[in-house]
Amino acid sequence: MARLIRLEQGKQLAFLLEQPEEVLIEFCKLAIEYINAGVNDKKCTVAAKKLSTTYETVRGALEALVALLIDSTKLAIAEREFYAAIASLDSINEKQSEILWQFVISKRNLVDNVLRASCQDELYFRELEWRIEGRIASRRQRSQASPVIKMKFHLDKECVSEYREKLGASSPDRDTTESSKNSDRTRREVLAETDPIMLQHMIQVLEQALLDARTRRVRNYVKPTQS
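Residues numbered from 1 in each chain as written. Predicted model: local features only at pLDDT ≥ 70, side-chain atom pairs only at ≥ 80, totals over all residues. Heavy atoms only, no water.

**Details of the sheet that holds strand E1 (residues 124-133)**
Phase 1: The 3 strands lie next to each other as E1-E2-E3, forming an open sheet whose pairing is antiparallel. Each edge of the open sheet carries a strand with a single partner, namely E1 and strand E3 (187-194). The average angle at which neighbouring strand axes cross in this sheet is 15°, direction not considered.
Phase 2: Pairing of strand E2 (residues 148-156) with E3, which is carried by 8 bridges, proceeds in the antiparallel orientation. (Pairing = 2+ DSSP bridges. Helix = DSSP H or I, 4+ residues; strand = E, 2+ residues; numbered from the N terminus. Axes fitted to C-alpha atoms, helices over the stretch in contact; angles between N-to-C directions.)

**Concerning the packing of aromatic side chains**
Phase 1: Enumeration over the complete set of coordinates arrives at 3 aromatic pairs.
Phase 2: Connected via pairs of aromatic rings, a cluster forms that spans Phe 82, Tyr 83 and Trp 101. (Phe/Tyr/Trp six-rings, centres within 6.5 Å; stacked < 30°, edge-to-face > 60°.)

**What to know about the pairing of E2**
In regular strands, side chains alternate between the two faces of the sheet.
Phase 1: Direction of pairing for E1 relative to E2: antiparallel, over a ladder of 9 bridges. Note on E2: the bridge partner recorded for Leu 128 is Phe 153.

**Structural notes on the side chain of Asp 71**
Phase 1: With respect to the secondary-structure elements, Asp 71 resides in helix H4 (residues 55-75).
Phase 2: Apart from the residues within four sequence positions on either side, Asp 71 is in contact with Leu 4 and Arg 6. (Contact = heavy atoms within 4.5 Å.)

**Considerations on the packing of helix H2 (residues 21-37) against H4**
Phase 1: Running from N to C, H2 and H4 point in directions that differ by 75°, and their axes come no closer than 9 Å. Considering their axes alone, H2 and H4 lie roughly perpendicular with respect to each other. Across from Phe 27, Cys 28, Leu 30, Ala 31, Ile 32, Tyr 34 and Ile 35 in H2, the residues of H4 making contact are Val 58, Arg 59, Ala 61, Leu 62, Glu 63, Leu 65, Val 66 and Leu 69.
Phase 2: The class makeup of the residues in the contact of H2 with H4 is 13 nonpolar, no polar and 2 charged. (Parallel < 35°, antiparallel > 145°, perpendicular 65-115°, else oblique. Nonpolar A, V, L, I, M, F, W, Y, C, P; charged D, E, K, R; others polar.)

So, in structure tokens, the structure goes:
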């Protein structure tokens, strides 16, 4: 399993683990407010005074808790895996581990809904058009010119199967005019051009992304979003 808690995040959480359990519970409540309405500067300032620390320390610990909740939700992490992951935190005890797990599992649906809502405006790839352009010869250029690859990306806010679209377009009962208007509102075209070297680099990055998509970390994230 991929590392759940990063080094800097662990340092920020260490501050909370030094406090009484009641403080940890209050910070979990503040973390939920953070997700719903953003950081509450007034409450963070009051907490900093009560704990005799700085505002930056309190906010850092709060953001570390939020990150823990979001990452645990993305991974759809199981209870045993969660306990194993947070065991790397220094001086964490059994009661604190239980509080953090209850915090994560009780708000998993809330975070999942927030993540889904934030992805509603994402653009999906539909089609690609491309062509190669290059000057064959020129008296002004002594060196050989590199060809240019021009691309047009067809994107859409709606994730619709291309086969379903083609079958629907061939149906005589369908209002093609209305469908065309709806498509214009959701679709977008992006023009780009690059050289062969950069194109090769882009291909390598995409191939690596395909390999990463097969890892357990990605599968654990995709599975709950498809349910």
